[in-house]
Amino acid sequence: MSPPLQIHEPGQTPLPHARRDLAVGIDLGTTNSLIAIAEGARPVVLRDKAGRGLVPSVVAYMEDRVVVGDEARRIMVEHPDRVVASVKRLMGRGAEDVLRVAGQLPYEVAAAVESGGMVRLRVGGRTLTPVEVSADILRAVKARGEAALGRKVTEAVITVPAHFDDAARTATKDAAKLAGLTALRLVNEPTAAALAYGLDKGAEGLYAVFDLGGGTFDISVLRLQMGVFQVLATGGDPLLGGDDFDQVIAEHFLAERARELGEAHLTTGEAKMALMSARLAKEELTTLTSGEWPIVLGGRTSHHRLDRAKLNDLVRPLVDRAIAITQGVLSDARMDPEDVKGVVLVGGSTRVPLVRDMVRELFGTEPLSDIDPDEVVALGAALQAAALTQGSSALLLDVTPLSLGIETMGGLCEKVVPRNTPIPTARAQEFTTYQDGQSAMMIHVVQGERELVTENRSLARFELHGIPAMVAGAARIRVLFAVDVDGLLTVSAEETGTGVRQEVAVKPTYGLSGDEMAGMLRASMEHAREDMEARLLAEARVDADRILIAVDAALRIDAALLSRTERTAIENQMQALRATAQGHDRHRIADAVEALNGATEEFAGRRMDREIRSALRGVAVSALEDRVGAGAAEAKK
Amino acid sequence: MFAILGMPVQFEVDAAELERRYFAEQRRFHPDRFTGKPERERQFSMQHSTNVNEAYRVLGDPVRRAEHLLLLAGQPARTVEETVRDPVILMRALEMREALAEAQSRAEIDGVLKAAKGEALACTAELTKAFANADLQCARTLTLQLTYLQKFIEEARERRTRVVGGQSAGAHS
Ligand SMILES: Nc1ncnc2c1ncn2[C@@H]1O[C@H](COP(=O)(O)OP(=O)(O)O)[C@@H](O)[C@H]1O
Ligand SMILES: [Mg+2]
């Protein structure tokens, strides 16, 4: 009988990939990363044996191994120069960007970077891009997921700050690729949080998501309606988070220390130690109202008192910045704070009492944090992953966080796609030549809100060639911007009179070149080879176990079919296989399996003969073939 | 644009109906519904979802909707150069600018904002009439007026944000 004909409307297939593994959601955070999955209705965070969900986004580069997470954070105390933390702040950044914030970052930045390239870090004797460091974090998170699920994890929805620009998004996708993950989608962190929140609490209406983490700040305004999560406006600051709180506190402590001990210059490692004390003070002052914290450097200890009021003074300018950005985003959404029904708090830094107070004051309502602010983003990502691989009734409609435009005469930026445009989107704009007979035109793609190109972020440059000779202003160059659902941009340009065309997937100015990516992939393949070896060994052992059990069972039932010497020969081979399987050489294990197979061939043959003979008794000839097949399969087991 | 969302070709739009159709289309055709589908279907979904977004943007905004209707009627909307020659529009724009510049407190800005919103509403009502009467010349002028009003409201909102936010201006740095 043929299967019933299935007719679906496009996009309505209830279970598009019944056999596809459920994809996971990953929150790749500045400070902490998490992996979650949504089997059934409720998403859950995947934890290690000790029940820990958060993997600190900290990587230690030791002589012979790479360590990620809690252990790497411990290593930071003794070998600060081998450890990278908060690398997310550098994703998609150029060396120039980083030098601008130099001194604020506890890294040593590799000096010689060919201009325009991606920034590189010098750590533990290696030179690494932020993409590679992020890939190491993703590998660790993926491994945790695989251990918890007992299967391979290959597809994931990965979250990014809503205001991440094109370069940072591309860098995140590259990191996933290096870690052996297909990034099904990049989802904006606040949108993911809203999804988790809305689906769990059945929220409807206008909501704001206020996400203040370790390194980044995001604010989104969404409308939740009948399972549709429509982002109205979004904004944020890529360099505003708990790390900056730590920075101002550490500076305060170090100034005190300098007065006391007359110390001047700190090494990068020493700065990291001071930042750790500052962070401890900040976090403890969430519950305590005052306390005292030591800083130990070069064997000398200083003690620093801090109370909640002083902490508030220190961090207030930073919180003010977040509040001002929030007001701007509300205005973009054409909403007033009173219109918002609820404010969802996301990120560890929303635990700081001053942050809560100022959010409450702005919106005039008690902020919501009943889903763990540390986990809500990963849970939302897991829900979206399930929606993409298994179908869902919920739908996310997101927007572009930053305006996209082109450089025009005089270094001005002409916007083609304004910020907060729903995606996917495609917009075209016409430009013309400004010289007689001009045959090529440089197209410089920029992202940002400023009028001057130099104050925005340069995304890519390319040249449209082969424009036929015309007088200035006669050519019609149509530039098309297309932004996909990941927020990634493709630009194409065409001279409409003649159809001369050129297309570029925007290769970010601060991205990795194709060659660099290929080199890294090769290197990660080598790691993959080690992993593969381990897996093959495990498989060989499983094969060995399987045949030993089968032969053992057969001997117990049918030993009568064998002579004494035949039986001893088989038992000797079994003994040999057991011994080899203890070792680490999968080839030898495979050989021993083969040898045991050989030694039992005759035995298996006799068992099969007997099966067939008994099967033939009283069986119609037409069914014979089937039975023989079944018997053979049985004997092989 | 109207056809993409199955809306009648007219200036008046039932906002709730527009929303309902927009969500319904995206529910069916958004690229998230097509992961793992054949390339051709994915292409189609991307294209259609993009068009639906564009139609929603145009139909949901009175100025864009009016401009689109004028374009359909072969009477493209008036350009900025034409405005400079229209003393009535120009005068009113200057007056409002002045009022905003003079407003200092949040309450004062709110007052200016409220007046502008009232004017925009009245202008939209007149536009509806002009389109209903197929008076395209009148519609062109009103569309331009509404464009100015919208821009002004935008600016006033931004001003107000800055007043509320104290000295922390430049929300989108
Ligand atoms: N109890 C607390 N009080 C104040 N700050 C906290 C507390 N717990 C965590 N944080 C801060 O939250 C930040 C990490 O937040 P998280 O949401 O995990 O960051 P990210 O999303 O950037 O990875 C750090 O700066 C950390 O110091
Ligand atoms: Mg986060």
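In this text the structure is predicted, and so the values were computed from the model without any measurement. Along each chain, the written sequence defines residue order, and numbers are assigned to residues from 1. Here the convention is simple: chains get letters from A, ligands get numbers from 1, in the order in which they are written. The model is predicted, so local features are restricted to residues of pLDDT at least 70 and side-chain atom pairs to those at 80 or more, both for listing and for counting; the totals for chains, interfaces and linings are taken over all residues. Only hydrogens and water are set aside; all other atoms, that is, all heavy atoms of the structure, feed into the side-chain values.

Student: Just give me the short version of the overall build of chain A, but keep the residues and values in it.
Tutor: What chain A contains, in helices and strands, is 15 helices and 26 strands. Exposure classes here rest on a 1.4 Å probe applied to the protein chains alone. A residue is buried below 20% of its type maximum, exposed above 50%, and partly exposed in between. Across the 637 residues in chain A, those meeting the buried criterion constitute 51%. The contact criterion used throughout is that any non-hydrogen atoms of two residues lie within 4.5 Å. Summarising the internal contacts of chain A: among those between residues at least 6 apart in sequence, 66% fall at separations of at least 24. Only the protein chains shown count as cover for residues, and the accessible areas themselves come from Shrake-Rupley with a 1.4 Å probe. Of the roughly 29,000 Å² of accessible surface on chain A, a fraction of 52% belongs to carbon and sulfur atoms. Only DSSP runs of H or I covering at least 4 residues are called helices, and only runs of E covering at least 2 are called strands; the numbering of each starts at the N terminus.

Student: If you had to explain the overall build of chain B to someone new, which residues and values would you point to?
Tutor: What chain B contains, in helices and strands, is 7 helices and 0 strands. In chain B, the succession of helices and strands from N to C terminus is α-α-α-α-α-α-α. Considering chain B as a whole, with its 173 residues, one finds that 41% of them fall into the buried category. Within chain B, counting contacts between residues at least 6 apart in sequence, those at least 24 apart form 65% of the total. Per element, the accessible surface of chain B, about 9,300 Å² overall, is 56% carbon and sulfur.

Student: Give me the lowdown on helix α1 (residues 15–29) of chain B, citing residues and values where you can.
Tutor: Expected helix span is taken as 1.5 Å per residue step, with the number of steps being one fewer than the number of residues. The terminal C-alpha atoms of α1 of chain B, which comprises 15 residues, lie 21 Å apart, in line with the 21 Å expected from a rise of 1.5 Å per residue. All of the buried residues in α1 of chain B are Leu18, Glu19, Tyr22, Phe23, Glu25, Gln26 and Phe29 of chain B. Relative to the axis of α1 of chain B, the buried residues are bounded by an arc of 165° and lie together on one face. Against the buried residues of α1 of chain B lie β13 (217–225), β14 (228–237) and β18 (395–397) of chain A together with α2 (39–59) of chain B. Where α1 of chain B begins, one side-chain oxygen reaches toward the backbone nitrogen of Ala16 of chain B, 3.1 Å away; that side chain belongs to Asp14 of chain B. Arc definition: it is the arc formed by the directions from the helix axis to the C-beta atoms. Distance and chemistry together define a polar contact, namely a pair of N or O atoms within 3.5 Å, with one atom able to donate a hydrogen and the other to accept it when in protein, and with adjacent residues in sequence counting only for side-chain atoms on both sides.

Student: Account for the pattern of salt bridges, naming residues and giving values.
Tutor: Residues and elements named next belong to chain A. What makes a salt bridge here is a side-chain nitrogen of Lys or Arg within 4 Å of a carboxyl oxygen of Asp or Glu, nothing more. With the rule as written, the count across this model stands at 45 salt bridges over all chains. For Arg457, the salt bridge goes to Asp165, with nearest N and O atoms at 2.5 Å. Here the residue Arg457 occupies a position in strand β23 (residues 457–464), and Asp165 occupies one in the loop between β10 (155–160) and α4 (166–178), the gap between them amounting to 292 residues. Asp165 matches Arg457 in its accessibility class, with the two residues each being buried. Linked through salt bridges whose partners overlap, the residues forming this network are Asp48, Arg52, Asp70 and Arg144.

Student: Now, about the sheet that holds strand β7 (residues 83–85) of chain A: what can you tell me, with residues and values included?
Tutor: Residues and elements named next belong to chain A. One open sheet accounts for 3 strands, arranged β6-β5-β7; its pairing is antiparallel. The two strands at the open ends of the sheet, each matched to only one other strand, are β6 (66–68) and β7. Strand-to-strand, the axes of this sheet are offset by a mean angle of 20°, without reference to chain direction. Alignment of strand β5 (residues 58–61) against β7, held across 3 bridges, turns out to be antiparallel. Across the sheet, Val58 pairs through a bridge with Ala85, a residue of β7. Throughout, an axis means a line fitted to C-alpha atoms (over the contacting stretch in the case of helices), and angles, computed between N-to-C directions, take values from 0 to 180 degrees. Helix α3 (residues 130–149) contacts β5, β6 and β7 of the sheet and is inclined by roughly 105° relative to β5. One requirement defines pairing of two strands: DSSP has to find at least two bridges between them.

Student: Any details on the site of ligand 1? Residues and values, ideally.
Tutor: Residues and elements named next belong to chain A. When at least one non-hydrogen atom of a residue lies within 4 Å of a molecule or strand, that residue is treated as near it. Lining the immediate surroundings of ligand 1 are 17 residues, of which Thr31, Gly214, Lys282, Glu283 and Thr286 lie closest. In isolation ligand 1 has 570 Å² of accessible area, and contact with the protein removes 89% of it. The element that contributes the greatest number of residues to the shell around ligand 1 is helix α7 (residues 268–284), accounting for 3 residues. Here the residues of the shell around ligand 1 are counted per class, giving 1 nonpolar, 12 polar and 4 charged. The classification used treats Ala, Val, Leu, Ile, Met, Phe, Trp, Tyr, Cys and Pro as nonpolar, Asp, Glu, Lys and Arg as charged, and all other residues, Gly among them, as polar.

Student: I'd like to hear about the domain arrangement of chain B, residue by residue, with values.
Tutor: Boundaries of every domain are those given by an automatic assignment or by a domain database. Parsing chain B into structural domains produces domain 1 (15–60) and domain 2 (77–167). Taken over C-alpha atoms, the centre of domain 1 of chain B sits 32 Å from the centre of domain 2 of chain B.

Student: How would you sum up helix α9 (residues 353–363) of chain A? Please name residues and give values.
Tutor: Residue and element names in this part refer to chain A. Buried within α9 are the following residues: Pro353, Leu354, Val355, Met358, Val359, Leu362 and Phe363. In the core, the buried residues of α9 are packed alongside β12 (205–212), α6 (242–261), α8 (308–332) and β17 (342–346). Immediately downstream of α9, the backbone of Gly364 shows phi near 65°, a positive value.

Student: Just give me the short version of the interface of chain A and chain B, but keep the residues and values in it.
Tutor: Between chain A and chain B, the residue contacts involve 45 residues of the former and 31 residues of the latter. The interface formed by chain A and chain B holds 4 salt bridges in total. Ionic pairing is found between Glu19 of chain B and Arg223 of chain A, a salt bridge with its closest N-O pair at 3.0 Å. Between chain A and chain B we count 12 residue pairs in polar contact (both at pLDDT 80 or more) in total. Residue assignment for the side of chain A that touches chain B shows that the elements contributing at least two residues are β13, β14, α8, α10 (376–390), β18 and β21 (425–431) of chain A.

Student: So what's going on with the packing of helix α3 (residues 62–72) of chain B against helix α6 (residues 106–132) of chain B? Residues and values would help.
Tutor: Residues and elements named next belong to chain B. Contact pair α3 / α6: the axes reach a minimum separation of 12 Å and the direction vectors enclose 20°. On the basis of the axis angle, α3 is roughly parallel to α6. α6 is crossed by α3, and the crossing has left-handed handedness. Counting all contacts with α3, which are made through Pro62, Ala66, Leu69 and Leu70, the residues of α6 involved are Thr124, Leu127 and Phe131. Of the residues assigned to the contact of α3 with α6, the class counts are 6 nonpolar, 1 polar and no charged. By the definition adopted for this analysis, an angle is roughly parallel if under 35 degrees, roughly antiparallel if over 145, roughly perpendicular if from 65 to 115, and oblique otherwise. In a left-handed crossing the near helix is turned counterclockwise from the far helix by less than a right angle, and in a right-handed crossing that turn is clockwise.

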